[in-house]
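So the chains spell out like this:
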Amino acid sequence: EAGVAQSPRYKIIEKRQSVAFWCNPISGHATLYWYQQILGQGPKLLIQFQNNGVVDDSQLPKDRFSAERLKGVDSTLKIQPAKLEDSAVYLCASSLTTGGEQYFGPGTRLTVT
Amino acid sequence: RKEVEQDPGPFNVPEGATVAFNCTYSNSASQSFFWYRQDCRKEPKLLMSVYSSGNEDGRFTAQLNRASQYISLLIRDSKLSDSATYLCVVNDNNDMRFGAGTRLTVKP
């Protein structure tokens, strides 16, 4: 079974630029999560989708971050404009059901200079 | 009080040792619990779910104490390959909350 796919794996941008990340979850998984993990910390949930609907985006900085999952399968997360403090690994995960066991993609390591 | 708290460690143990980690959570209504391991510069990988009755998978045992609001992970007969960061996850009304992780180093 194919795992969660993410791209790109690495991205370096200057502050105030825009960036987008892509995630394709495990086939059949209804729930998709985006996390931000800063070095030395645990992952922080940014947004959770159930199919193509948003379940929780309370920790998403909506002035600069946006995410969508239009067809209920793959998803994109965008940052516009980026700040230095956005440097982190952005992890996508999926689960069969909300609150169930999650499987993570390899992450996108973002560096904002 | 943080929603999910773990001792950051590091725990440095010799091969063959038994080591235990605890993770406390603040919301008594939390519904499900998990342990993940994360190797350096890798994504978290599911280690085990934590059931109310406790569960065991080989050298790993997970337990839940709802009265005191903590979960635990016990690793017996530690191997060098167990060196990693162990993250606990608490399902708080379908909002998955991660602890900051406990770092374990197993030495020869």
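Okay, so let's go over this structure.

**A short note on the side chain of Arg97(B)**
Here comes step 1: Following the sequence through the fold, Arg97(B) ends up in strand S10 (residues 95-98).
Here comes step 2: Looking at Arg97(B), the relative accessible area reads 17%, which means it is buried.
Here comes step 3: A distance of 2.6 Å separates a polar atom in the side chain of Arg97(B) from a polar atom in the side chain of Asp95(B).
Here comes step 4: Look past the residues within four positions of Arg97(B) in its chain and what remains in contact with it is Gln59(A), Glu3(B), Val4(B), Cys88(B), Val89(B), Val90(B) and Asp92(B).

**Side note on the packing of aromatic side chains**
Here comes step 1: Tallying each qualifying case throughout the model produces 11 aromatic pairs over all chains.
Here comes step 2: Through pairs of rings, three or more aromatic residues link up here, namely Tyr33(A), Tyr35(A), Phe104(A), Tyr36(B) and Phe98(B).

**Some points on the sheet that holds strand S6 (residues 55-57) of chain B**
All names here are of chain B.
Here comes step 1: The strand order across the open sheet built from five strands is S1-S3-S8-S7-S6, with neighbouring strands paired in antiparallel fashion. With one partner strand each, in any of the chains shown, strand S1 (4-6) and S6 form the two edges of the open sheet. Each strand of the sheet is rotated relative to its neighbour by a mean of 15°, with strand direction disregarded.
Here comes step 2: The sheet contact formed by S1 and strand S3 (residues 19-25) spans three bridges and is antiparallel. Bridge pairing links Glu-5 to Thr-24 in S3.

Conventions and cut-offs
Residues numbered from 1 in each chain as written. Chains lettered and ligands numbered in written order. Predicted model: local features only at pLDDT ≥ 70, side-chain atom pairs only at ≥ 80, totals over all residues. Heavy atoms only, no water. Helix = DSSP H or I, 4+ residues; strand = E, 2+ residues; numbered from the N terminus. Buried < 20%, exposed > 50% of the residue type's maximum accessible area, 1.4 Å probe, protein only. Polar contact = N/O pair within 3.5 Å; in protein donor to acceptor, adjacent residues only side chain to side chain. Contact = heavy atoms within 4.5 Å. Phe/Tyr/Trp six-rings, centres within 6.5 Å; stacked < 30°, edge-to-face > 60°. Pairing = 2+ DSSP bridges. Axes fitted to C-alpha atoms, helices over the stretch in contact; angles between N-to-C directions.

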